[in-house]
Protein chains: 2
Amino acid sequence: MQVRLSHIAERAGVSVATVSRVLNEKPGVNAATRRAVLSAVDVLGYERPSRLRAKVAGLVGLIVPELANPIFPKFAEAVSIALARHGYTPVLCSVSAGGIHEDAYVRTLRNHGVAGIIFVSGIHAIPDTDPDRYRELCEAGLPLVLVNGYLSEVDATFISYEDATSVDLAVGHLAQMGHTRIGLALGQDRYTPTIRKRDGFARAMRRHVDESLTDDSLADLRTFTTYTVEGGTTAAHALLDRGVTGIVCGSDLMALGAVRAARQRGMQVPEQVSVVGSDDSLLIEFTDPPLTTVRQPVTAIGNAAAQALLDQIAGAPPAPSELFFRPELIVRGSSARAPQD
Amino acid sequence: MQVRLSHIAERAGVSVATVSRVLNEKPGVNAATRRAVLSAVDVLGYERPSRLRAKVAGLVGLIVPELANPIFPKFAEAVSIALARHGYTPVLCSVSAGGIHEDAYVRTLRNHGVAGIIFVSGIHAIPDTDPDRYRELCEAGLPLVLVNGYLSEVDATFISYEDATSVDLAVGHLAQMGHTRIGLALGQDRYTPTIRKRDGFARAMRRHVDESLTDDSLADLRTFTTYTVEGGTTAAHALLDRGVTGIVCGSDLMALGAVRAARQRGMQVPEQVSVVGSDDSLLIEFTDPPLTTVRQPVTAIGNAAAQALLDQIAGAPPAPSELFFRPELIVRGSSARAPQD
């Protein structure tokens, strides 16, 4: 390795002598400066001296529901990158895999002495779950970050996406284009994000479409299947039977299934039916039609989750309340003005 | 848990008394029988008794280049599922993440006592790399499986995709529809899969299009950029400048980039330009147009890699030669008859 000390010094905003001290592990450099120098080494593409490299070696558990929904690899990627910058490596636990239970993974992770665990859409997303499984970990001093779910009894850091806002953006977008019969296609309603989207839909419909909508008429406009292509197809057929012209979906996969259902009925998207997805995962801009969707800021959430865990590992207490990240509406080709009939 | 002992005994080919002894951790059962019983418990969907569950807890390193190309999450998913069935959990090492080097990950994995490592498209895919980094691991007795690359000097199990066959299928498909000017868009040619696709292209063009094609004219029909959307766009512009009517791409992302390039020039896909992708990763059937592609059997390769590693962990020697998996041509909407000019 041909290290240009001056190059690193300039980037880190320190002297060449300081860079040399850090790379040769001499004393007299504070932790923040040391981090800045090593970060500059990484950013500039140099390989760290082997003695420094060998030390960066902690494991962190990362529990995700599955990798088949492209939103979860995106989470795994974001968390991996953020952890790697600090020398941690994620142990990937994909809960759908072979039916391994989240609790079993947690036992494995503890056996291997992980420094902390990040749960993405885990059991903590079921509001009436037994919180003791998490409380016990907190009491044992294990740093935890729980993404997209909330249990008030657990003293961990909770990071969530604004599910209700995402539905509000989607409904508002369709309402502005003249849609009044708008359907909602979600997965199972035992999960917190699903419940938040469902409740957000009621508020959004009353706000953007008709404030006198009854609970019964709203119930008629929503379906709960699964967050998959097949779930979206089933939901869309049910909603189209009820005369909707716009469908707000709880995932991009469901939205692709809804497009498929419309076409099975000989209907054009977006001319006769508008479809809005959720998440904006990998490749969604290349679909036919390119999906209008509400983007979940997965990289920001993954970064925040990793950072919150690293802070706890360093001794900081968990965040005092749930941290929320805002969605963005991405308008592409699957939504248009309501048909004029 | 309501365990049907007779059900498990039948599946495992042992007596009910033996099943009972294994589940109650009584002595007098050999390791192979014990494994067969526990495997039957898993296969039949029963939950293992908690004492036995807590024990199944090995880590396996899984090194992949990145998660942004959807083929790699698919690998990670397949390997995870196959390992989970046997109680192993993968430590996910995404090499692009923050610039952590493969060698650094290997050190981390060894520090954490992993039972073995699966490398997917790692440094072993560079034919002139120093094989000592792998030889040293083999000599230390660490089971290794290396996917999509080959180093003859290393005594590990190698599992690969038939890259040359994949290009042959794509070229043959286009040639059958009257294309004679066919271009090849690949990533950097320092990787074994790229070299195999390049060489397969020469053979396929001579076989399907014109056996007298010279090396120079073939060189004119291929480009080496990167396996990304942007790489595909750049490559396609260069190839379209040279008058090709069909483009064979080294990844699905490149193919989406090639479609984009054709449209930027006001050309229709597939009416004026045919594009064939490679891999058939997640969501590719939903793209515009739905991509014709050559499917890499990722689940089969992931399963085989996991199984080969488990065999080595159990004491079997590595496979004596590279194991190859065959591609399948999936014809969708991005390829058609050559334009009649």
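See the structure shown above.
Residues numbered from 1 in each chain as written. Chains lettered and ligands numbered in written order. Predicted model: local features only at pLDDT ≥ 70, side-chain atom pairs only at ≥ 80, totals over all residues. Heavy atoms only, no water.

Undergrad: Run through the environment of M267 of chain A, naming residues and quoting values.
TA: Residue and element names in this part refer to chain A. Take M267: it is sitting in the loop between α12 (252-264) and β9 (274-279). What makes M267 partly exposed here is its relative accessible area of 23%. Once residues lying within four places of it in the same chain are set aside, the contact partners of M267 are L240, A262, Q272 and V273. (Helix = DSSP H or I, 4+ residues; strand = E, 2+ residues; numbered from the N terminus. Buried < 20%, exposed > 50% of the residue type's maximum accessible area, 1.4 Å probe, protein only. Contact = heavy atoms within 4.5 Å.)

Undergrad: Describe the sheet that holds strand β8 (residues 246-249) of chain B, naming the residues involved and giving the relevant values.
TA: To summarise the sheet geometry, strands pair through backbone hydrogen bonds and adopt either a parallel or an antiparallel arrangement. Residues and elements named next belong to chain B. Taken together, 6 strands build an open sheet; the order of strands is β7-β6-β8-β9-β10-β12 and the sheet is mixed. On the outer flanks of this sheet lie β7 (222-224) and β12 (328-330), each paired with one strand and no other. Taken over all neighbouring pairs, the strand axes of this sheet differ in orientation by 20 degrees on average, direction set aside. Two strands pair when backbone bridges link them, and strand β9 (residues 274-279) and strand β10 (residues 292-295) are joined in this way by 4 bridges, in the parallel orientation. Residue pairing across strands places D279 opposite R295, the latter belonging to β10. Each of β6 (182-186), β7 and β9 is contacted by helix α9 (residues 192-208), which is oriented at about 175 degrees to β6, the strand it contacts most. (Pairing = 2+ DSSP bridges. Axes fitted to C-alpha atoms, helices over the stretch in contact; angles between N-to-C directions.)

Undergrad: Could you give an account of the interface of chain B and chain A, with specific residues and numbers?
TA: Counting residues at the interface gives 43 residues for chain B and 43 residues for chain A. Carbon and sulfur atoms make up 65% of the surface buried where chain B meets chain A, a total of about 3,800 Å² over both sides. Between chain B and chain A we count 2 salt bridges in total. Between E285 of chain A and R260 of chain B there is a salt bridge, with the nearest N and O atoms lying 3.4 Å from each other. There are 6 residue pairs in polar contact (both at pLDDT 80 or more) connecting chain B and chain A. Broken down by secondary-structure element, the contributors of at least two residues to the side of chain B that touches chain A are α4 (50-55), β1 (58-64), α5 (71-84), β2 (88-94), α6 (102-111) and α12 (252-264) of chain B. (Buried area = accessible area lost by both parts, 1.4 Å probe. Salt bridge = Lys/Arg side-chain N within 4 Å of Asp/Glu carboxyl O. Polar contact = N/O pair within 3.5 Å; in protein donor to acceptor, adjacent residues only side chain to side chain.)

Undergrad: So, the pattern of salt bridges: which residues are in play, and what are the values?
TA: All names here are of chain B. Tallying each qualifying case throughout the model produces 30 salt bridges over all chains. R110 serves as the salt-bridge partner of E136, at 4.0 Å between the closest nitrogen and oxygen. One end of the pair, E136, is in helix α7 (residues 132-139); the other, R110, is in helix α6, and 26 residues separate them in sequence. You can call R110 partly exposed: its relative accessible area is 38%.

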